[in-house]
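# Working through the structure, step by step
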There are 2 protein chains.
Amino acid sequence: MIKKIDHLGVAVLDPERALATYRDALGLRLDQIEDIPSQKLVSYHLAIGESHIELLHPTEEDSVIGKYLAKKGPGIHHVALQVDDIEAERDRLSAAGLEPLTAEPFIGANGKKVLFFHPRTTGGILLEICQVVEEE
Amino acid sequence: MIKKIDHLGVAVLDPERALATYRDALGLRLDQIEDIPSQKLVSYHLAIGESHIELLHPTEEDSVIGKYLAKKGPGIHHVALQVDDIEAERDRLSAAGLEPLTAEPFIGANGKKVLFFHPRTTGGILLEICQVVEEE
């Protein structure tokens, strides 16, 4: 079951300028700054209602977000929907024709289990589903 | 004050296929189908948490969404944030360097007051602010 928009992932070239817009001008609360070396990026989590806007800034050009910025410029990189059971949703969505980018979910930002679907099977959106993992 | 993500506006070429993804596969509730002749589009409002995904299908090629699709293909067209006082937010955001596309808000989908800001001043996102107008 889809619960809500978890976050919008926004690729940014200049994090200070993006924070000036999203934190200072829009007034969104900066909840967390997360360094994710495995993806060569730093993520800035800004709260908005029940969701977040995550500013994604690459630490290297040779990274997923670095290449995205070089090709398309700054803007929305992906949309993440929070689900209650990611394996069940993967199976259900795959059966409906959405194409997962990996066979299995992996651990992403904030320790969530995440899985992406190819934009050509979702109407042009890089769609993430994510599940909050309860701490034991 | 920014309250929440009101909706994501998604430009779609084929509404039946998009509904198969967003309504049937993802299981989102189709709340409303809105014909907006002034913008030459039909909008499909799908509920997700406190937000909506609005599928935007042009009724004519010579329309804002028709031209967007011809240039960029299907995908996220804009992000709308709900505010409590649209004129106050316009003034505050304009003062912070965001560039409004129109001087005054106008009436958009569902009778809301809406105003857009140019992507070059928001980090690459066509940003809408909208305010629900209480019925008198």
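Residues numbered from 1 in each chain as written. Chains lettered and ligands numbered in written order. Predicted model: local features only at pLDDT ≥ 70, side-chain atom pairs only at ≥ 80, totals over all residues. Heavy atoms only, no water.

Chain A goes by Methylmalonyl-CoA epimerase in an unreviewed UniProt entry, where it is assigned to Eiseniibacteriota bacterium.

### As for the sheet that holds strand β6 (residues 106–107) of chain B
Residues and elements named next belong to chain B. Pairing is mixed across the open sheet formed by eight strands, whose spatial order is β2-β3-β4-β1-β5-β8-β7-β6. On the outer flanks of this sheet lie β2 (29–36) and β6, each paired with one strand and no other. As paired elements, strand β1 (residues 2–11) and strand β4 (residues 51–58) share five bridges and run parallel to each other. In the sheet register, His-7 faces β4, and the bridge partner there is His-52. (Pairing = 2+ DSSP bridges. Helix = DSSP H or I, 4+ residues; strand = E, 2+ residues; numbered from the N terminus.)

### What to know about the sheet that holds strand β3 (residues 41–48) of chain A
Residue and element names in this part refer to chain A. Taken in spatial order, the eight strands make up an open sheet running β2-β3-β4-β1-β5-β8-β7-β6, and their pairing is mixed. Of all strands in the sheet, those with a lone pairing partner are β2 (29–36) and β6 (106–107), marking the two edges. Along the sheet face, helix α1 (residues 15–25) touches β2, β3 and β4 (51–58) and points at about 165° away from the line of β4. (Contact = heavy atoms within 4.5 Å. Axes fitted to C-alpha atoms, helices over the stretch in contact; angles between N-to-C directions.)

### Describing the relation of the copies chain B and chain A
Superposing chain B onto chain A requires a rotation of 180° together with a translation of 0.0 Å along the rotation axis, leaving an RMSD of 0.0 Å. Overall, the copies show the geometry of a two-fold rotation axis. (Least-squares fit on C-alpha atoms with pLDDT ≥ 70 in both.)

### Concerning the UniProt feature "domain: VOC" (unreviewed entry) in chain A
This chain's UniProt record puts "domain: VOC" (unreviewed entry) on residues 4–132 of chain A. In the segment residues 4–132 of chain A, helix accounts for 23% and strand for 41%; the C-alpha atoms at its two ends are 12 Å apart. (UniProt positions renumbered as here; feature names shortened; annotations may be inferred.)

### Some thoughts on the interface of chain B and chain A
One frequently used descriptor of interface size is the decrease in accessible area upon assembly of the parts. Taken together, the 33 residues of chain B in the interface contact 33 residues of chain A. Here chain B packs against chain A, burying approximately 2,600 Å² in sum over the two surfaces, 70% of which is carbon and sulfur. For the pair chain B and chain A, the number of links is zero salt bridges. On the surface where chain B and chain A come into contact, there are seven residue pairs in polar contact (both at pLDDT 80 or more). At the level of elements, β1, α1 (15–25), β5 (75–83) and α3 (86–95) of chain B are the ones that each hand at least two residues to the side of chain B that touches chain A. Residue composition of the side of chain B that touches chain A, by class: 18 nonpolar, eight polar and seven charged. (Buried area = accessible area lost by both parts, 1.4 Å probe. Salt bridge = Lys/Arg side-chain N within 4 Å of Asp/Glu carboxyl O. Polar contact = N/O pair within 3.5 Å; in protein donor to acceptor, adjacent residues only side chain to side chain. Nonpolar A, V, L, I, M, F, W, Y, C, P; charged D, E, K, R; others polar.)

### Points about the nonpolar core
Side chains of nonpolar character tend, in soluble globular proteins, to be buried together. With 58 residues, the main nonpolar core has Leu55(A) and Leu55(B) as its most contacted residues. What Leu55(A) contacts, discounting residues up to four positions off in sequence, is Val10(A), Val12(A), Ala18(A), Leu19(A), Tyr22(A), Val42(A), Ser43(A), Tyr44(A) and Leu46(A). (Core = buried A, V, L, I, M, F, W, Y, C linked by side-chain atoms within 4.5 Å. Buried < 20%, exposed > 50% of the residue type's maximum accessible area, 1.4 Å probe, protein only.)

### As for the packing of aromatic side chains
All names here are of chain A. Following the criterion strictly, the structure yields two aromatic pairs over all chains and no others. With centroids separated by 6.3 Å and ring planes inclined at 25°, the aromatic side chains of Phe-106 and Phe-116 adopt a geometry described as stacked. One end of the pair, Phe-106, is in strand β6; the other, Phe-116, is in strand β7 (residues 113–117), and 10 residues separate them in sequence. By relative accessible area, which is 33% here, Phe-106 ends up partly exposed. Since its relative accessible area comes to 16%, Phe-116 is described here as buried. (Phe/Tyr/Trp six-rings, centres within 6.5 Å; stacked < 30°, edge-to-face > 60°.)

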